[in-house]
Number of protein chains: 2
Amino acid sequence: MNSLLVRFLVVFNRGMSNADRHGLIAKAVRDSGGATVQELAELTGASEMTIRRDLDTLAAQGVLERVRGGARTLLLRGEEPPFALRAHEAVDAKRRIAAEISALIADGESILLDSGTTCLEIARLLRDRPVTVMPLSLQAIHLLGEAPGSATLVVPGGQPRAAEGALTGPLTLASLAALRFDTAVIGCCGLSAADGLTAYDLDDAAVKKASIASARRTIVATDGGKLGRTAYAYVGPSTLLHTLVTDTTAPADEVAALEGAGTIVKTA
Amino acid sequence: MNSLLVRFLVVFNRGMSNADRHGLIAKAVRDSGGATVQELAELTGASEMTIRRDLDTLAAQGVLERVRGGARTLLLRGEEPPFALRAHEAVDAKRRIAAEISALIADGESILLDSGTTCLEIARLLRDRPVTVMPLSLQAIHLLGEAPGSATLVVPGGQPRAAEGALTGPLTLASLAALRFDTAVIGCCGLSAADGLTAYDLDDAAVKKASIASARRTIVATDGGKLGRTAYAYVGPSTLLHTLVTDTTAPADEVAALEGAGTIVKTA
DNA sequence: CCGTAACGAACATCTCTGATGTTCGAAAGT
DNA sequence: ACTTTCGAACATCAGAGATGTTCGTTACGG
C-alpha cells in the first residue's frame with residue numbers, strides 16, 4: 001500500500017539523513033522478517049556498500065540480525081522490541097505525551113522517572129526546570145547529568161538492563177525504599193482496567209511497584225497501543241494510578257473503563 | 001620562561017585546535033589571575049571575537065569567570081581546581097598510571113572505581129575486560145554504559161557533585177555498605193605518610209572512607225604532585241592502602257616513607 | 001548626559017570530519 | 001571450481017563547526 005510512498009522517496013531523497021534510512025531499513029526488515037542487501041539498496045536508493053554499513057550499525061545496536069546477503073528481524077513472537085528499535089517509532093506522540101506530563105508537574109517537586117523512551121523525552125523537558133529528578137535509566141541520567149540545567153539530579157543505584165539502561169536489582173529497590181517523591185512518572189508495557197499495570201520483565205515490574213509505593217502521586221505515560229494490552233509481569237491494579245497520559249490512538253472503551261476505576265485520563 | 005614557546009606557537013599555530021587554545025587561555029588566566037580579551041587575542045593569535053566565544057565557553061564550563069573586557073580566575077586560594085580545568089593537564093601521566101593499574105587487576109574481579117580524571121582513564125581500559133565495575137562518577141558511568149563492552153556495570157546511588165559528577169551522599173554510602181569488592185581504586189587530592197590520605201571535600205572523603213572499607217584491597221592512583229601534600233578532609237592513614245601507583249615526578253623521600261609504612265609503590 | 005570601549009548578533013568563509021560510492025582482492029557458500 | 005558476498009582502501013562530497021568581519025547595541029566612565 002505504501003509502496004507508492006516508497007517510490008516517491010526513492011526518487012526525491014537525495015537529502016535523506018542516514019537516520020531516516022536506518023528507520024526505513026529497520027521497518028522493512030521488521031515488516032517482512034528479513035531483506036537482502038539488494039532489496040534494501042533499491043528501496044532506499046543507496047549503494048549496496050552503504051546498506052552493508054548500515055546493517056552492521058543496526059546489528060551492533062541490536063535492531064536486527066546480520067546474515068549473509070542481508071538481514072533478519074530479531075523479533076520472533078511476543079518479545080519486547082529492542083530499545084534501539086522502539087526509539088525510532090512514534091516520536092511525535094511521545095513528545096506530546098511528555099509535554100502534557102511536564103505541564104502536570106509543578107516547580108519544586110521531587111520526581112521519580114521510570115525507564116523507557118517516553119520518560120526519556122520527559123527528562124529532556126525537565127532538565128531546565130527547578131525540580132529534583134531521580135531517573136531509573138542510564139540514558140536519562142546521561143541527559144540530566146551532562147549539561148547541568150536547573151534540575152537537581154539524584155542517581156539511584158542498580159544494574160543496567162539491556163540497551164535501554166533501565167536500572168534494576170536490589171540496589172535500585174534500596175534506593176527507592178530510602179526516599180519519598182512527590183510524583184512518580186511510570187512507563188508501562190501493558191495497561192488495562194481488568195489486568196492492571198504490567199511489564200515485560202520481572203525485575204522491571206519490581207522496580208515499578210516500589211516506585212509507585214515511594215511516591216505520593218503516580219502518573220502513567222503510555223501510547224495508546226499499550227492500553228488494553230497485558231504483558232508478562234504484574235505490577236499492580238490500575239487503582240494505584242492517579243493520572244494516565246496517552247495519545248489519541250487509545251481505545252475508547254479501555255479509557256472509559258480506567259476512568260470508571262478512578263484514574264484521570266488525559267489525551268495529548 | 002616558556003614565553004619563547006608561546007612566541008613559536010603564535011607564529012606557527014594555524015593548525016591549532018580550539019582545545020589547545022582553550023588550554024592556553026585557561027593557563028594564562030590562572031597564572032596571572034586574569035587577562036583581557038586583547039591580551040589573549042595577541043597571545044593565541046586568534047581574533048577578539050573568537051576569544052570572546054572561548055571565554056563564554058570556558059565560563060560555562062566553570063573554568064574561569066567572565067568579566068567585562070576579559071576574564072578572571074575562579075581559584076581564590078587553596079580551592080580544588082575545577083574538573084574541566086584539571087582534565088586538560090597531564091593526560092600522558094594519567095594514561096600510564098591507568099595502564100599500570102589495569103595490569104594489577106585480574107579478569108573476573110569486582111572493582112570499585114573512585115571519581116577523578118585518572119580513574120576515568122582506568123574506566124576506559126576496563127571497559128573491554130571481563131570484570132564487574134562500580135564507578136563513583138557520572139562520567140565513568142557514561143563511559144561504561146554507552147558502548148557495552150565486556151565489563152559488567154553496577155551503578156551506585158548518590159547525588160552528583162560539581163562538574164565532575166562525583167557521586168556522594170547517603171545513597172552512595174548505602175550502596176557501598178551493601179556490597180563488597182575485590183579491589184577499590186581510589187584517587188586522592190593529597191597523600192603523605194604523615195597525614196595519610198586526604199580529600200578536598202568532606203562528602204568525598206566519607207565516600208572514599210566507605211570505599212576502602214568495602215574492598216579487600218585498595219589501590220591508590222595519583223600523580224606525583226599529590227604526594228606529600230595534605231588536603232582538607234581526612235580519609236584515613238596510609239596503612240590502609242595496599243598499593244600506590246604514581247608517576248616519575250613523585251618525591252623520593254615521600255615514596256620511601258610510604259614504602260616504609262607498608263605500601264607497595266609502583267611508578268608508571 | 002555623552003563618548004568610548006566592549007559586546008554580541010548576523011553573515012561570509014573556511015576547514016575538517018563523517019558519509020557515500022567505487023574498485024578490487026579475499027572469503028564464504030554452492 | 002564458480003559465483004556471490006564481503007570488506008578494506010581510496011576518492012569524493014556535503015554538512016557541521018570554527019573563525020573572522022561588520023555593524024548596531026549596550027555598558028561603563030567621565
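1. Some points on the overall build of chain A
For step 1, the next point in the chain: For chain A, the count of helices and strands is 11 helices and 15 strands.
For step 2, the next point in the chain: When the 268 residues of chain A are sorted by exposure, 51% land in the buried category.
For step 3, the next point in the chain: For chain A, contacts bridging at least 24 residues in sequence account for 58% of all contacts bridging at least 6.
For step 4, the next point in the chain: As presented, chain A carries roughly 12,200 Å² of accessible surface, and 54% of it is formed by carbon and sulfur atoms.

2. A short note on the packing of helix H2 (residues 18-32) of chain B against helix H4 (residues 48-61) of chain B
All names here are of chain B.
For step 1, the next point in the chain: H4 packs onto H2 with a crossing angle of 75° between their chain directions and a minimal axis gap of 11 Å. Here H2 is positioned roughly perpendicular relative to H4, judged by the angle of their axes. Where H2 approaches H4, its residues Arg 21, His 22 and Ile 25 are matched on the opposing element by Thr 50, Ile 51, Asp 54, Leu 55, Thr 57 and Leu 58.
For step 2, the next point in the chain: Split into classes, the residues belonging to the contact of H2 with H4 amount to 4 nonpolar, 3 polar and 2 charged.

3. A few points about the protein's contact with DNA strand C
For step 1, the next point in the chain: Near DNA strand C lie 17 residues; those nearest to it are Arg 21, Thr 50 and Arg 53 of chain A together with Arg 66 and Gly 69 of chain B.
For step 2, the next point in the chain: Between Ser 47 of chain A and DNA strand C, the recorded distance is 3.0 Å, taken from a backbone N or O atom to a phosphate oxygen.
For step 3, the next point in the chain: Of all the elements in the fold, those that place two or more residues in the surface near DNA strand C are helix H2 (18-32) and helix H4 (48-60) of chain A together with helix H3 (37-44), H4 and strand S2 (64-67) of chain B.
For step 4, the next point in the chain: In terms of residues, the surface near DNA strand C owes the most to one element, H4 of chain A, which gives 3 residues.
For step 5, the next point in the chain: A per-class count over the surface near DNA strand C returns 5 nonpolar, 6 polar and 6 charged.

4. Some remarks on the side chain of Thr 172 of chain A
All names here are of chain A.
For step 1, the next point in the chain: Its location among the elements puts Thr 172 in helix H9 (residues 170-178).
For step 2, the next point in the chain: Take Thr 172: its relative accessible area is 0%, and that puts it in the buried class.
For step 3, the next point in the chain: Contacts of Thr 172, omitting those with residues within four sequence positions, involve Leu 136, Gly 157, Gly 158, Gln 159, Leu 167 and Val 207.

5. What to know about the relation of the copies chain B and chain A
For step 1, the next point in the chain: Rotating chain B by 180° about the axis while translating it 0.1 Å along that axis superimposes it on chain A, leaving an RMSD of 0.4 Å. Put plainly, the chains are arranged around a two-fold axis. When each C-alpha of chain B is compared by its distance to the rotation axis, Gly 157 of chain B comes out closest, at 1.9 Å.
For step 2, the next point in the chain: Taken together, the interface assignments show that 100% of the residues at the interface of chain B recur at the interface of chain A, consistent with an identical surface on both copies.

6. Some words on the sheet that holds strand S6 (residues 152-153) of chain A
All names here are of chain A.
For step 1, the next point in the chain: Within the open sheet, the 7 strands sit side by side as S6-S5-S4-S9-S12-S14-S15. Their pairing is parallel. Of all strands in the sheet, those with a lone pairing partner are S6 and strand S15 (264-267), marking the two edges.
For step 2, the next point in the chain: Where strand S4 (residues 110-113) and strand S5 (residues 132-135) come together, 4 bridges link them in parallel fashion. For Ser 110, the partnering residue across the bridge sits in S5 and is Thr 132.
For step 3, the next point in the chain: Where helix H10 (residues 202-213) meets the sheet, it contacts S4, strand S9 (181-187) and strand S12 (215-221), and its direction lies at approximately 150° from that of S9.

7. Here's the deal with the side chain of Thr 44 of chain B
Residue and element names in this part refer to chain B.
For step 1, the next point in the chain: Tracing the backbone through its elements, the reader meets Thr 44 in helix H3.
For step 2, the next point in the chain: Here Thr 44 falls in the buried class, since its relative accessible area comes to 2%.
For step 3, the next point in the chain: At a separation of 3.3 Å, a polar atom in the side chain of Thr 44 contacts the main-chain amide nitrogen of Ala 46.

8. Side note on the protein's contact with DNA strand D
For step 1, the next point in the chain: Near DNA strand D you find 17 residues, and of these Arg 66 and Gly 69 of chain A together with Arg 21, Thr 50 and Arg 53 of chain B are the closest.
For step 2, the next point in the chain: Atoms of DNA strand D within 4 Å of the protein belong to the sugar or the phosphate in 58% of instances, the rest to bases.
For step 3, the next point in the chain: The separation between a phosphate oxygen of DNA strand D and a polar side-chain atom of Arg 21 of chain B is 2.8 Å.
For step 4, the next point in the chain: Measuring from a phosphate oxygen of DNA strand D, one finds a side-chain N or O atom of Thr 50 of chain B at 2.5 Å.
For step 5, the next point in the chain: Residue assignment for the surface near DNA strand D shows that the elements contributing at least two residues are helix H3 (37-44), H4 and strand S2 (64-67) of chain A together with H2 and H4 of chain B.
For step 6, the next point in the chain: The class makeup of the residues in the surface near DNA strand D is 5 nonpolar, 5 polar and 7 charged.

9. Observations regarding the sheet that holds strand S1 (residues 34-36) of chain B
All names here are of chain B.
For step 1, the next point in the chain: Read from one edge to the other, the open sheet built from 3 strands follows the order S1-S3-S2, with strand pairing classed as antiparallel. For this open sheet the edge positions go to S1 and S2, each flanked by a neighbour on one side alone. Strand-to-strand twist of the sheet, defined as the mean angle between neighbouring strand axes without regard to direction, takes the value 20°.
For step 2, the next point in the chain: Pairing analysis gives 3 bridges linking S1 to strand S3 (residues 70-73), with the strands arranged antiparallel. Counterpart to Thr 36 in the pairing with S3 is Gly 70.
For step 3, the next point in the chain: Along the sheet face, H3 touches S1, S2 and S3 and points at about 85° away from the line of S1.
For step 4, the next point in the chain: Packing against the sheet, H4 makes contact with S2 and S3, and its axis sits at approximately 130° to S2.

10. Details of the pairing of S12 of chain A
Residue and element names in this part refer to chain A.
For step 1, the next point in the chain: Burial analysis of S12 places 5 of its 7 residues in the buried class, the great majority of the element.
For step 2, the next point in the chain: By the bridge criterion, 3 bridges tie S12 to strand S14 (residues 243-246) in an arrangement that is parallel. When the sheet's bridge partners are listed, Ala 221 is paired in S14 with Val 245.

11. A word on the confidence of the model for chain A
For step 1, the next point in the chain: Confidence along chain A averages 85 in pLDDT terms, with 86% of residues attaining 70 or more.
For step 2, the next point in the chain: Confidence drops under pLDDT 50 across residues 1-16 of chain A; counting only partners more than four residues distant or on other chains, this segment forms 6 contacts.

12. Considering the environment of Val 265 of chain B
For step 1, the next point in the chain: You can see Val 265 of chain B is positioned in strand S15 (residues 264-267).
For step 2, the next point in the chain: In this structure, the C-alpha to C-alpha distance between Val 265 of chain B and Gly 62 of chain B, residues 203 residues apart in sequence, is 34 Å.

13. Here we look at the interface of chain B and chain A
For step 1, the next point in the chain: Each partner contributes residues to the interface: chain B has 18 residues there, and chain A has 18 residues.
For step 2, the next point in the chain: Roughly 1,300 Å² of surface becomes buried between chain B and chain A when both sides are summed, with 74% attributable to carbon and sulfur atoms.
For step 3, the next point in the chain: For the chain B face of the interface with chain A, the top three residues by lost area are His 142, Val 155 and Leu 171 of chain B, together amounting to 41%.
For step 4, the next point in the chain: Seen at the junction of chain B and chain A, the total is 0 salt bridges.
For step 5, the next point in the chain: On the surface where chain B and chain A come into contact, there are 2 residue pairs in polar contact (both at pLDDT 80 or more).
For step 6, the next point in the chain: Put simply, the parts of the chain that give the side of chain B that touches chain A at least two residues each are helix H8 (138-146), strand S7 (159-161) and helix H9 (170-177) of chain B.
For step 7, the next point in the chain: The element best represented in the side of chain B that touches chain A is H8 of chain B, accounting for 5 residues.
For step 8, the next point in the chain: A breakdown of the residues in the side of chain B that touches chain A according to their chemical character gives 11 nonpolar, 6 polar and 1 charged.

Thresholds, definitions, all that
Within each chain, residue numbers correspond to sequence positions counted from 1 in written order. Each chain is given a letter, starting from A, and each ligand a number, starting from 1, according to the order in which they appear as written. Where local features are concerned, this predicted model is filtered to residues with pLDDT of at least 70; where side-chain atom pairs are given and counted, the filter is 80 or more; whole-chain, interface and lining totals use all residues. In computing side-chain values, all of the structure's heavy atoms are included and hydrogens and water are not. Working definition: helices are DSSP H or I runs of at least four residues, strands are E runs of at least two. Numbering for both runs from the N terminus. Each residue is placed in one exposure class: buried if its accessible area under a 1.4 Å probe, protein chains only, is under 20% of its type's maximum, exposed if it is over 50%, and partly exposed if it falls in between. In this analysis, two residues are considered to be in contact whenever any of their non-hydrogen atoms come within 4.5 Å of each other. Only the protein chains shown count as covering a residue, and every accessible area follows the Shrake-Rupley method with a 1.4 Å probe. Simply put, an axis is a line fit to the C-alpha atoms, just over the touching stretch for a helix, and the angle between two N-to-C directions goes from 0 to 180 degrees. Every angle not falling under 35 degrees, over 145, or within 65 to 115 is termed oblique; those three ranges are roughly parallel, roughly antiparallel and roughly perpendicular. Here the term charged refers only to Asp, Glu, Lys and Arg, the term nonpolar to Ala, Val, Leu, Ile, Met, Phe, Trp, Tyr, Cys and Pro, and the term polar to all other amino acids, Gly among them. Being near a molecule or strand, for a residue, comes down to having at least one heavy atom within 4 Å of it. Polar contact is defined as a pair of N or O atoms within 3.5 Å, subject to the rule that within protein one atom must be able to donate a hydrogen and the other to accept it, and that residues adjacent in sequence are counted only when both atoms are side-chain atoms. Only residues with pLDDT of at least 70 in both copies contribute their C-alpha atoms to the least-squares superposition of the copies. Two strands are said to pair when DSSP picks up at least two bridges between them. The predictor rates its confidence in each residue with pLDDT, a number between 0 and 100. Here the buried area means the combined drop in accessible surface, using a 1.4 Å probe, for two parts upon being joined, counting both sides. When a carboxyl oxygen of Asp or Glu is within 4 Å of a side-chain nitrogen of Lys or Arg, the pair counts as a salt bridge.

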